[in-house]
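Residue-level listing of the chains:
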Amino acid sequence: RFTELLDNRVLSHLSVDQTLWEKQLFVNLNPVAIVSDNFHKVIKSLPYQRLEKLTVEMGLTAWLQNSSRSMNILEDFNREGIGLALDGISVSKLSDLPENDTAASQFLKVHVSPLEGADLHDALAKLPPEMMEKIICTRCETVEQIEIAVKAGVQYFQGYGLRDFVNAPEIVESILGPVEDAEAPEDVEVEAADKQ
């Protein structure tokens with residue numbers, strides 16, 4: 001009941017809080033909430049431009065347990081412009097996932113811990129480039145895990161180790177390369193001056 005109550009509060013928040021929609025929005029919902037009348041009511045109340053910014057996260061186990069229901073959810077999402085992120089995937093099991101499930105989702109939330117070093121490198125090296133573009137590495141606890149994933153082609157990260165990474169410019173530069181300062185074009189500066 002607690003999860004259902006929490007999911008309903010999240011759904012209500014989506015239709016009330018305008019500031020949520022300034023960027024891409026990821027929402028983790030219980031599968032029951034995704035097929036609820038409340039979910040459909042909220043979705044119908046939102047303009048398509050907002051729905052395109054919405055990605056619903058769903059646990060992989062729940063997704064695989066009922067394939068016919070999952071396909072119905074996917075059809076609804078595709079019709080409404082909503083993205084799907086499958087969550088709770090171990091990096092060591094990622095290469096074993098059925099291709100139709102990995103192809104169905106826009107993002108794959110992959111737990112990298114407890115793998116590190118050569119084990120993490122080998123697990124990521126098995127994956128095709130089109131899958132690598134969808135991966136969000138989660139539970140990144142060390143800078144080394146982030147470095148290995150970046151070198152493998154991963155672009156998105158979550159985890160406690162991310163703070164250590166982004167707060168150390170020398171590490172960021174050593175992994176991503178130097179950041180070049182781009183000057184704004186003159187016409188942009190004029191427009192900004194006009195607005196003042």
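All chains use their own residue numbering, which begins from 1 and follows the written sequence. Two thresholds apply to this predicted model, a pLDDT of at least 70 for residue-level local features and 80 or more for giving and counting side-chain atom pairs, whereas whole-chain, interface and lining totals are computed over all residues. Each side-chain value is derived from all of the structure's non-hydrogen atoms; neither hydrogens nor water enter the calculation.

Engineer: Hey, could you run me through the side chain of Ser70 in this one?
Structural biologist: Here Ser70 is to be found in helix α6 (residues 67-80). A residue is classified by how much of its surface remains accessible, and Ser70, at 2% relative accessible area, is buried. Two residues form a contact once any of their heavy atoms are found within 4.5 Å. Setting aside residues no more than four positions away along its own chain, Ser70 makes contact with Ala62 and Trp63. Only runs of H or I of at least four residues qualify as helices and only runs of E of at least two qualify as strands under DSSP, and these elements are numbered from the N terminus. Any residue under 20% of the maximum accessible area for its type is buried, any over 50% is exposed, and the rest in between are partly exposed; the area is computed with a 1.4 Å probe on protein chains only.

Engineer: Would you take a moment to explain the side chain of Thr102 for this structure?
Structural biologist: Within the secondary structure layout, Thr102 lies in helix α7 (residues 99-104). Throughout this description, a polar contact denotes any pair of N or O atoms lying within 3.5 Å of each other; where both atoms belong to protein, one of them has to be capable of donating a hydrogen while the other can accept it, and for residues adjacent in sequence the pair is counted only when both atoms sit in side chains. A distance of 3.0 Å separates the side chain of Thr102 from the backbone oxygen of Glu99, its partner in a polar contact. Excluding residues within four positions of it along the chain, Thr102 makes contact with Leu97, Leu108, Met131 and Lys134.

Engineer: Honestly, helix α10 (residues 143-152) in this entry has me stumped. Any pointers?
Structural biologist: Each α-helix turn comprises 3.6 residues. Residues three or four places apart therefore point the same way. Regarding α10, the residues found buried are Gln145, Ile146, Ile148, Ala149 and Val150. Those residues of α10 hidden inside the fold are in contact with α8 (117-125), β5 (135-138), β6 (156-157), α11 (161-166) and α12 (169-176). Just beyond α10, the residue with positive phi is Gly153, at close to 115°.

The quantities given are spatial measurements derived from coordinates; they are silent on function.
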